[in-house]
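# Remarks on the overall topology
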Amino acid sequence: MANKKALEALDRTLQDLRGQEATMGGALLATSWETFVKLFLLFQEELQQMNLMRVSNPGLMTLAVSYIYESVLIQYTIPPGERRKRLLGVREQMLSQPPKTRIHFEMASYTEMLLLEQLVDLVIPHSDSLGMNEQELANLVSLYQFGNVSFVSDSNPRVATVLDQMRHLLRLIETSSKEKPGSRKLTRIHVHTLAYQAILTVDTTLWPHSDIAAAKASLTAYRHVCASPQVDPDKAKLIMDDSFSVSLGSSGRVVIEPQRPVSCWREGSLHLCVAPVLVCKVSVQTAGGGDNISAAALAMQL
């Protein structure tokens, strides 16, 4: 299954980069996993050689360390320290950006402890914004707090649980990163689940329009999975409750208004928004869903 998902992700990436809808964007299709690994590593080298940072002082830099990379490095021998070397290169790119360039890091379903520890050490401290799903959120909180990952997580967690984890992660990263040279203050966390989108920001002038971003992310989730720009009510459903608690320690509930389903509120310096997701009942594609959802939200906050 992991190999299938890896190939799906590479397929979508090549289609986007080459601007073609053909399989692998019209490039050579690997017929074995060993061949795929070789082509993937060559693909990595080609990306490094391309001058991708041609834009002077960009407004946003986005990063994602694909789980394909984790799979490749776990299953096949590479020179010791090669992955750390490449992640150090990523960190140098992040450090070279001017302060006004916001940096977003999109998590993935990493399972190898060493990779997660390297990301916590080299990438996350230099990010302004993080994107992830509910499992990745639970893993990050567990890693920062206890030094291990969560092997079991709820596939449909309560909104209050996720919001509490987001607040806690923000504090954990702030404490952990402040001593690192060149670190940035984390000011945005976007968690995308099957049932809802949750966006937490610290600076609304830096990250405006969280309500619009949450709504856009919700629609993108349906459109991506159903592979359709139009929303078909017969193919969509809501699985989120019509109200939710903002914290496990709170007795109050936020009622979702049908005419304005995105709920937003302030908690001191924090601004939070939650939007229910129109869940696609007829899945066409899932690979790349998180990246598309996060990108849609980010585009609304630039």
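Before any of the text, the structure's been laid out above.
Summary of the structure given here. Just so we're clear, the structure is a prediction, and the values are computed from it rather than from any experiment.

The subject of this paragraph is the pairing of strand β9 (residues 263-267). In the sheet, β9 pairs with strand β10 (residues 270-276) via five bridges, with the strands oriented antiparallel. Bridge assignment links Glu267 to a residue of β10, and that residue is Leu270. Two successive antiparallel strands, β9 and β10, enclose a turn made up of two residues, where Gly268 displays a positive phi of approximately 65 degrees.

So, on to the state of the cysteines. Evaluation of the coordinates by the stated rule reveals two disulfides. Bridging Cys226 to Cys280, the disulfide has an S-S length of 1.8 Å. Torsion about the S-S bond of the Cys226 and Cys280 cystine: about 100 degrees, corresponding to right-handed handedness. Note that Cys226 is positioned in helix α8 (residues 210-226) and Cys280 in strand β11 (residues 279-280), a separation of 54 residues in sequence. Grouping residues by exposure puts Cys226 and Cys280 together as buried. Two residues share a disulfide in this structure: Cys264 and Cys273, whose sulfurs sit 2.0 Å from each other. Between Cys264 and Cys273 the sulfur-sulfur dihedral comes to about 115 degrees; the bridge is accordingly right-handed. Judged by relative accessible area, which is 33%, Cys264 ranks as partly exposed. The connectivity of the disulfide-linked cysteines in the protein, indexed sequentially, is 1-4, 2-3.

Across the sheet, which stays open at both edges, the seven strands sit in the order β1-β2-β3-β4-β5-β10-β9 with mixed pairing between neighbours. Among the strands making up the open sheet, the edge pair consists of β1 (60-64) and β9. Geometrically, the sheet is characterised by an average inter-axis angle of 15 degrees between neighbouring strands, direction not taken into account. In the sheet, strand β2 (residues 102-106) pairs with strand β3 (residues 129-132) via three bridges, with the strands oriented parallel. Looking across to β3, one finds that Phe105 is bridged to Leu130. The sheet contacts of helix α7 (residues 159-177) involve β3, β4 (188-192), β5 (196-201), β9 and β10, and relative to β5 the element is tilted by about 30 degrees.

Counted under the stated rule, the structure contains one aromatic pair. Judged by centre distance (6.0 Å) and plane angle (45 degrees), the ring pair of Phe244 and Trp265 falls under tilted. Separated by 21 residues along the polypeptide, Phe244 in strand β7 (residues 243-245) and Trp265 in strand β9 bring together distant segments of the chain. For Trp265, a relative accessible area of 16% puts it in the buried group.

Another aspect to go through is the packing of helix α5 (residues 113-122) against helix α6 (residues 134-146). The contact between α5 and α6 brings their axes to 11 Å, and the two run at 80 degrees. Of the possible angle classes, the one that applies to α5 and α6 is roughly perpendicular. Across the interface between the two elements, Met113, Leu116, Glu117 and Val120 from α5 touch Leu140, Leu143 and Tyr144 from α6. A per-class count over the contact of α5 with α6 returns six nonpolar, no polar and one charged.

This paragraph deals with the nonpolar core. Soluble globular proteins tend to pack their nonpolar side chains together in the buried interior. The biggest cluster of nonpolar side chains holds 48 residues, and the ones touching the most others in it are Phe105, Met132, Met166, Leu169 and Val274. Among the elements that line this core, the one with the most residues is α7, at eight residues. With residues up to four places along the chain from it excluded, the contact list for Leu169 reads Met132, Leu137, Leu140, Val141, Tyr144 and Ile189. Core analysis: the second largest hydrophobic core is formed by twelve residues, Ala213, Val262, Val277 and Val279 among them.

On to unusual backbone geometry, then. The residue His209 is not glycine, and still its phi comes out positive at about 60 degrees. Relative to the elements of secondary structure, His209 occurs in the loop between β5 and α8. One non-glycine residue, Ala227, adopts positive backbone phi at about 55 degrees. Structurally, Ala227 is set in the loop between α8 and β6 (236-237). Relative accessible area serves as the criterion here: at 44%, Ala227 is assigned to the partly exposed category.

Rules behind the numbers
Residues numbered from 1 in each chain as written. Predicted model: local features only at pLDDT ≥ 70, side-chain atom pairs only at ≥ 80, totals over all residues. Heavy atoms only, no water. Pairing = 2+ DSSP bridges. Helix = DSSP H or I, 4+ residues; strand = E, 2+ residues; numbered from the N terminus. Disulfide = S-S within 2.5 Å. Buried < 20%, exposed > 50% of the residue type's maximum accessible area, 1.4 Å probe, protein only. Axes fitted to C-alpha atoms, helices over the stretch in contact; angles between N-to-C directions. Contact = heavy atoms within 4.5 Å. Phe/Tyr/Trp six-rings, centres within 6.5 Å; stacked < 30°, edge-to-face > 60°. Parallel < 35°, antiparallel > 145°, perpendicular 65-115°, else oblique. Nonpolar A, V, L, I, M, F, W, Y, C, P; charged D, E, K, R; others polar. Core = buried A, V, L, I, M, F, W, Y, C linked by side-chain atoms within 4.5 Å.

The analysis is restricted to geometry; functional conclusions fall outside its scope.
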